[in-house]
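# Structure assessment
Each chain, written out:
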Amino acid sequence: MEFIFLGTSAGVPTRARNVTAILLHLHHPTQPALWLFDCGEGTQQQMLETAYHPGKIERIFISHLHGDHLFGLPGLLCSRSMAGNPHPLTLYGPKGLREFTETSLRLSGSWTDYPLDIVEITAGEILDDGLRKVTAYPLEHPLECYGYRVEEHDKPGALDANALKAAGVTPGPWFQDLKAGKTITLNDGRTINGADYLAPATPGKAVAIFGDTAPCVGALALAKGVDVMIHETTLDASMEEKANSRGHSSTRQAAMLAKKAGVGKLIMTHISSRYDETGCQRLLAECRAIFPHTELAADFAVFTV
């Protein structure tokens, strides 16, 4: 997995940071995927500075309907169509996403020339494409808001061909069934269980991508044990009460959650425009004092999982 941050500012853009959008590039030899999480104003412009194209995006996940997470969506959808892209696109997000999208396109005289599916979600598993699954968790914000947990399925272990040969099993098409852990019957009547000849499975990666939120009940379940947790740190610890009153979290609260959830890495984003580069470094220091494995996202930063 690879995250490409297209926007890391809270509420409004700054000279250095655009509003929220995160690309997730899922590497796979036969089924790669490019997903987008949130689509703030100017997201397609930000993509022009990367190696990625909107036409390659297969799925877009919207955390909530505040403008700094959504206002770039109509433009991206239209540009994708104007480029002649025929590939299907699926949108996921809270109730109201369909009305916003369809109304924006209708009132602007726009349309899509590709299949567009809009899925208005509730909490729970919303997707399983055979390689990875996505689960939505409700968060604490003035609007209905979700965080997304993306989990790769475990990768089956390698088949021990030498051990099979020693057992008198010659290579053939049945090796595919054995690699899948199935049981086959040989010509001599013996049964061979493929699971007995597989190396241990390789655990899949897991990441948690939070929308805007104050500390909430579902946060721990969303983040528990993930390799990477992406969490807003809108304000510093001294402004915690103000952050929470507006449905946001402080640096301290994000770091405490990362520590309690046992995550591999915390990536900070959604930074208030009041912080310049020096201020951002202070936010980073506050998080690292509690959870040392913390990184601060900047626009166009890339993180590999």
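Above this text sits the structure in question.
In every chain, residue numbers begin from 1 and rise along the written sequence. The model is predicted, so local features are restricted to residues of pLDDT at least 70 and side-chain atom pairs to those at 80 or more, both for listing and for counting; the totals for chains, interfaces and linings are taken over all residues. Only heavy atoms go into the side-chain values, all of them from the structure, while hydrogens and water stay out.

With that out of the way, let us pick up the sheet that holds strand E7 (residues 116–120). If you walk across this open sheet you meet the 7 strands as E7-E6-E5-E4-E3-E1-E18, and the pairing is mixed. Of all strands in the sheet, those bounded by a partner on one side alone are E7 and strand E18 (302–304). Across this sheet, the average inter-strand angle for adjacent strands is 20°, counted without regard to direction. Strand pairing is assigned whenever DSSP identifies at least 2 bridges connecting the two strands. Starting at the N terminus, helices and strands are each numbered in turn, a helix being any DSSP run of H or I of at least four residues and a strand any DSSP run of E of at least two. Sheet topology note: the strand E5 (residues 59–61)/strand E6 (residues 89–93) ladder contains 3 bridges and is parallel. Within E6, the residue paired with Phe61 across the bridge is Tyr92. Every residue pair with non-hydrogen atoms within 4.5 Å of one another is taken to be in contact. To define axes, lines are fitted to C-alpha atoms, for helices over the stretch in contact only, and angles between the resulting N-to-C directions are given on a 0 to 180 degree scale. Packing of helix H2 (residues 73–82) onto the sheet brings it into contact with strand E4 (33–37), E5, E6 and E7, and relative to E6 it is tilted by some 170°. In the packing of helix H3 (residues 97–107) onto the sheet, the strands contacted are E6 and E7, and the crossing angle to E7 comes to about 150°.

What follows concerns the pairing of E4. Two faces, one strand: in a regular strand the side chains alternate between the faces of the sheet. For E4, a buried count of 5 out of 5 residues is recorded, marking the element as mostly surrounded by other parts of the structure. The cut-offs for exposure are 20% and 50% of the maximum accessible area for each residue type, with area from a 1.4 Å probe on protein chains only; residues under the lower value are buried, those over the upper are exposed, and the others partly exposed. Taking every second residue as pointing to the same face, both faces of E4 are buried, with Ala33, Trp35 and Phe37 on one and Leu34 and Leu36 on the other. Relative to E4, strand E3 (residues 21–26) runs antiparallel, the two being bridged by 5 bridges. Directly across from Leu26, in E4, lies its bridge partner Ala33.

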